[in-house]
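Residue-level listing of the chains:
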Amino acid sequence: MFDTPIQFIGGIATAAVTVWVLWKGGGPERATALASLAAFFISPAVQAYGGLRQPLWGIAAVDAGVLCFVTVLLWRYPRRWLIGAWACEALTVLCHAAKLADATLLGRGYVASLYVLYFGFLAAMAYGAVEAQRLRRSVWDVGAQHVLDDPL
């Protein structure tokens, strides 16, 4: 799971962002952090389905599931960070579709694009915790806490 420096950096970034979001985020932020963490651990297990000459089918399925989850959250919660997270996940799924459409795409470019978009997704989640703190502060000023953490 941690064979290359980028995988090690990704693991450290995932742990740091997940802890940050679980500590400082609201309901949708925490739910997304847990879904992202689950995807992080499921992806290596399903990586064997596919290869660099074809799309990584198992990872594509996990990414499509995360995209569906973020889409539901985006419909339900008015959070700006969800737009960025959704865009990163949608582009990730499109990268899998591009590899499906043209198997001659370079494997390194395909995998590199998946990493870049994953780091963008993590950045959006981290910003989500900041946004939740701001929202929480403004809600506390108004005195309507129930608005912030609408249950899933």
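You'll find the structure just up there.
Described in the following lines is the structure provided in the data block. (Residues numbered from 1 in each chain as written. Predicted model: local features only at pLDDT ≥ 70, side-chain atom pairs only at ≥ 80, totals over all residues. Heavy atoms only, no water.)

### Overview of the overall build of the protein chain
Keep this limit in mind: Per the convention used, a helix needs a DSSP run of H or I reaching at least four residues, while a strand needs a run of E reaching at least two, with both numbered from the N terminus. The buried label applies to any residue whose accessible area, calculated with a 1.4 Å probe on protein chains only, is under 20% of its type's maximum; exposed applies above 50%, and partly exposed to all values in between. Any two residues whose heavy atoms approach within 4.5 Å are treated as being in contact. All accessible areas in this document rest on Shrake-Rupley with a 1.4 Å probe, and a residue is counted as covered only by the protein chains that are shown.
Along the protein chain, the regular secondary structure elements total five helices and zero strands. In the protein chain, the order of α-helices and β-strands from amino to carboxyl end is α-α-α-α-α. Relative to its full complement of 152 residues, the protein chain shows a buried share of 40%. When contacts within the protein chain are restricted to residue pairs at least 6 apart in sequence, those whose partners lie at least 24 apart make up 66%. As displayed, the protein chain has an accessible area near 8,500 Å², and 72% of this comes from carbon and sulfur atoms.

### Quick word on the pattern of salt bridges
Rules: Should a side-chain nitrogen of Lys or Arg be within 4 Å of a carboxyl oxygen of Asp or Glu, the pair is scored as a salt bridge.
One pass over the full model with this rule turns up two salt bridges. Here Glu29 and Arg79 are joined by a salt bridge, their closest N and O atoms 2.9 Å apart. Of this pair, Glu29 sits in helix H2 (residues 27–46) while Arg79 sits in the loop between helix H3 (57–76) and helix H4 (80–101), and the two are 50 residues apart along the sequence. You'll find Glu29 and Arg79 in the same group, each marked buried.

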